[in-house]
Amino acid sequence: QTALQATTVADVEAELAFGKQIAARVLGRVGLDDSHPQVTRYVNLVGKAVALHSNRPELEFRFAILDSDNVNAYSAPGGYVFITRGALQSLHDEAELAAVLAHEVAHVTERHIVRQFNVKGNDDSAISSLSRLIGGSQDSARVAFSQAVDKAMDVLFKNGFKQKDELQADRVATLLLASAGYDPTSLQRYLKRLHKRSRHHEDVNSTHPPTTERLSQLDQLLRHEGLTGLNFPRAAKRFKVNARMD
């Protein structure tokens, strides 16, 4: 899918530690919806089925539902993926669920936050040597780590990812869908529906690039990869049974 720079075991450990702190902050900010454990299990099954086809076999992906009626999804380095209850309820089939989760999986596999904040485990800079910071006793080290987490939270909830990262996540997600056997047009279908809804709901994709640009690039990708006009499953009935939260 995409070429990644070589990483060390220490880099991955730093990524995991950084992501764990961000995930904790996300849960502290939004809250976990654990009222329907069977739905959470279903979301994990779908998400893990997609993640199995990613280029990060060393990561254990975890998926959870957030207690929010806003339509959104988030991810943290190391394999933490969240979808809001509102987003889950806005989906029409399992392939669309896979598409939303695949987009977040792609942010993780392509190390978008990790790269933006230079998260590594093997250099001497104050923020990036997180494996040292986490166990560090100096106040300055803890402050630097906390500030890096703050900035990462701003990416998720305020500023958004870089536009090129969002577009890359769309592309990687679409290829993941096809690899996992889901309808590769699912992300495109979902974005088209959200685009109509966004005229009335400002919370939808407020930190993402213009939907028209995303749709245009996805259309080019689908045609280039020969993924149009194919009969991939969408599993609408299975989704309706397993994703009910009423």
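Residues numbered from 1 in each chain as written. Predicted model: local features only at pLDDT ≥ 70, side-chain atom pairs only at ≥ 80, totals over all residues. Heavy atoms only, no water.

A.B. asks: Any chance you could explain the pairing of strand β3 (residues 80–84) here in plain terms?
C.D. replies: In the case of a regular strand, side chains alternate between the two sheet surfaces. Among the five residues of β3, five are classified as buried, and the element is accordingly described as predominantly covered. Covered by surrounding structure in β3 are Tyr80, Phe82 and Thr84 together with Val81 and Ile83, the residues of both alternating faces. Where strand β1 (residues 62–66) meets β3, five bridges bridge the pair, whose relative direction is parallel. By the bridge assignment for β3, Phe63 is matched with Val81. As defined by bridge partners, strand β2 (residues 73–76) adjoins β3 across four bridges and the pair is classed as antiparallel. The residue of β3 that forms the bridge with Ala76 is Tyr80. In textbook terms, the turn of a hairpin is the stretch between consecutive antiparallel strands, and for β2 and β3 this stretch comprises three residues, one of which, Gly78, has a positive phi near 95 degrees. (Buried < 20%, exposed > 50% of the residue type's maximum accessible area, 1.4 Å probe, protein only. Helix = DSSP H or I, 4+ residues; strand = E, 2+ residues; numbered from the N terminus. Pairing = 2+ DSSP bridges.)

A.B. asks: What should I look at first to understand the nonpolar core in this one?
C.D. replies: Burial of nonpolar side chains together is a common tendency in soluble globular proteins. Counting 43 residues, the largest nonpolar core has Val43, Phe61, Ile83, Leu88, Leu91, Leu97 and Leu101 as the members making the most contacts within it. Mapped by element, the contributors of at least two residues to this core are α2 (37–51), β1, β3, α3 (85–89), α4 (94–109), α8 (163–180), α9 (186–197) and α10 (211–224). Counting residues per element, this core draws most heavily on α4, which supplies ten residues. Setting aside residues up to four positions removed in sequence, Phe61 forms contacts with Lys48, Ala51, Ser54, Gly79, Val81, Val105, Val108 and Thr109. If you look at the next biggest cluster of nonpolar residues, it comprises 24 residues, including Phe18, Ala76, Ala148 and Phe161. (Core = buried A, V, L, I, M, F, W, Y, C linked by side-chain atoms within 4.5 Å. Contact = heavy atoms within 4.5 Å.)

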